[in-house]
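Structural overview
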Amino acid sequence: MEESGRQGRFVIGGAEIAAPPLEPALYLVATPIGNLSDITLRALETLAAADILACEDTRVTRVLLERYGIRRRMRAYHEHNEAQAAPGLIAAIAEGKSVALASDAGTPLVSDPGFRLVRAAQEKGVRVVPVPGPSAVLAALTASGLPTDSFLFAGFLSAKAGQRRSRLEALATVSSVLVFFESPRRLAASLAAMAEMLGDREAVVARELTKAFEEVRRGTLIELAAHYDAAGAPRGEVVVCVAPPLEAPRDADETDRLLLALSTEMAASKAAGEAARMTGTKKSDLYQRLLALKKAGDDG
């Protein structure tokens, strides 16, 4: 446990700022995934003002607190003490205290401990307040150039080859971008397994996001597997984004039926856009085809 210090204040650019008091609740505080400037003002207020600050590794969180002049006591809360620590934190909230749970990096509960604490809070009728902010999942997805309208976060794959293959086989038919966390030392093997089980899809490896040596490398799964196999394990935390499976080519009659069916529910331009998303065909081509079909129908 850290030494007690003055809390309730933080410092930005040399200016000391008082944090407003918090109501009793469990606050889930997202923290930077690399660049400490990505912290939000609300997160700083919460870290400074909470009666109890729980974090996975006090040494990691101390770096963030020192950057912003927050001197206070912390409690360790991690996967090894979660069952024992959670009841005490819930009891503290019930007694009128505010509790902040901070991730080492990113958003709490996303491949981090905290699920049991949130469930226990809900079961006790304790208010749970998300304090959103940085997320490696969303940072990688938005930088990937892959479709962002639908994605599935699949966490870490198993280190065991058989279990990894089974998991990928179960994900093979998911019609969304797949987002994985991966260990640098397993990256090449996991990319090769993805290529084998998912097919040689377009993919992106995002590494060291928001840090000095940030890398966003695009290619097919086979190309990326070969690169990291030859280059060796990279440094830093890794996120892998994999494109959804390509739909089987539609014949012209099937595409026409799809266009006409969509046009009964929405305007022609929107129908063409939706059909383009579903088929991979250019929207402008589909729009012109739909106009021709409607004209032929009117003439008939």
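The coordinates are above.
Bear in mind that the values here come from a model prediction, so they are computed numbers and not experimental data.

Broken down by element type, the protein chain carries 11 helices and 12 strands. The C-alpha atoms of the protein chain give a radius of gyration of 24 Å, which is well past the 19 Å a tight globule of 300 residues would have. With the C-alpha coordinates aligned to their principal axes, the bounding extent of the protein chain is approximately 80 × 50 × 40 Å. Looking at the protein chain as a whole, 42% of its 300 residues are labelled buried. Contacts in the protein chain between residues at least 24 apart in sequence constitute 69% of all its contacts with a sequence separation of at least 6. Total accessible area on the protein chain stands at roughly 15,800 Å², and carbon and sulfur atoms take up 51% of it. Once the 36 positive and 38 negative side-chain charges of the protein chain are each reduced to a mean point, those two points are 4 Å apart.

Right, let's get into the pattern of salt bridges. A complete count under the given rule lists 10 salt bridges for this structure. For glutamate 215, the salt bridge identified is with arginine 207, shortest N-O distance 3.0 Å. On the basis of relative accessibility, which here comes to 17%, the residue glutamate 215 falls in the buried class. A salt bridge links lysine 211 to glutamate 208; the shortest N-O distance between them is 3.5 Å. Sharing partners across several salt bridges, the network here consists of Arg207, Glu215 and Arg217.

Within the open sheet, the 5 strands sit side by side as 8-9-12-10-11. Their pairing is mixed. One side of each edge strand has no neighbouring strand; the edge strands of this open sheet are strand 8 (151–156) and strand 11 (215–220). Here the strands of the sheet are splayed against their neighbours by 20° on average, with no regard to which way each runs. Docked against the sheet, helix 7 (residues 187–198) engages strand 9 (177–182), strand 10 (202–207) and strand 12 (238–242), running at close to 15° with respect to strand 12.

A separate point is helix 8 (residues 221–231). Residues Leu221, Leu224, Ala225 and Tyr228 constitute the buried set of helix 8. Buried residues of helix 8 fall within an arc of 100° about the axis and therefore sit on the same side. Facing away from the buried side of helix 8, by more than 90 degrees, are the exposed residues Ala230 and Ala231. On its buried side, helix 8 packs onto helix 7, strand 10, strand 11 and strand 12.

The next subject is a nonpolar patch on the surface. A cluster of nonpolar residues, Ile12, Ile17 and Leu41, forms a patch on the protein surface that exposes about 230 Å² of accessible area. Tracing the sequence through the fold places leucine 41 in helix 1 (residues 41–49). On the basis of relative accessible area, leucine 41 is assigned to the exposed category, the value being 54%.

Before going further, it helps to examine the environment of alanine 86. When you line up the elements, alanine 86 lands in helix 3 (residues 82–94). Looking at alanine 86, the relative accessible area reads 7%, which means it is buried. As for alanine 86 and threonine 264, which are separated by 178 residues in sequence, their C-alpha atoms are 54 Å apart. Ignoring any residue separated from it by four or fewer positions in sequence, one finds alanine 86 in contact with Tyr77 and Leu117.

Next up on the list: the packing of aromatic side chains. This structure, assessed with the given rule, holds 2 aromatic pairs. Arranged with centres 4.9 Å apart and planes meeting at 65°, the rings of phenylalanine 153 and phenylalanine 181 form a pair that is edge-to-face. Here the residue phenylalanine 153 occupies a position in strand 8, and phenylalanine 181 occupies one in strand 9, the gap between them amounting to 28 residues. On the basis of relative accessible area, phenylalanine 181 is assigned to the buried category, the value being 11%. One aromatic cluster in this structure is built from Phe153, Phe156 and Phe181.

Thresholds applied
- Residues numbered from 1 in each chain as written.
- Predicted model: local features only at pLDDT ≥ 70, side-chain atom pairs only at ≥ 80, totals over all residues.
- Heavy atoms only, no water.
- Helix = DSSP H or I, 4+ residues; strand = E, 2+ residues; numbered from the N terminus.
- Rg over C-alpha atoms; globule rule 2.2 N^0.38 Å.
- Buried < 20%, exposed > 50% of the residue type's maximum accessible area, 1.4 Å probe, protein only.
- Contact = heavy atoms within 4.5 Å.
- Areas by Shrake-Rupley, 256 points an atom, 1.4 Å probe, with all protein chains shown as cover.
- Lys, Arg positive; Asp, Glu negative; His and termini not counted.
- Charge placed at Lys NZ, Arg CZ, Asp CG, Glu CD.
- Salt bridge = Lys/Arg side-chain N within 4 Å of Asp/Glu carboxyl O.
- Pairing = 2+ DSSP bridges.
- Axes fitted to C-alpha atoms, helices over the stretch in contact; angles between N-to-C directions.
- Arc of directions from axis to C-beta.
- Patch = residues over 30% accessible without salt bridge, like charges linked within 9 Å, V, L, I, M, F, W, Y side chains within 5 Å.
- Phe/Tyr/Trp six-rings, centres within 6.5 Å; stacked < 30°, edge-to-face > 60°.

These figures capture arrangement, not role.
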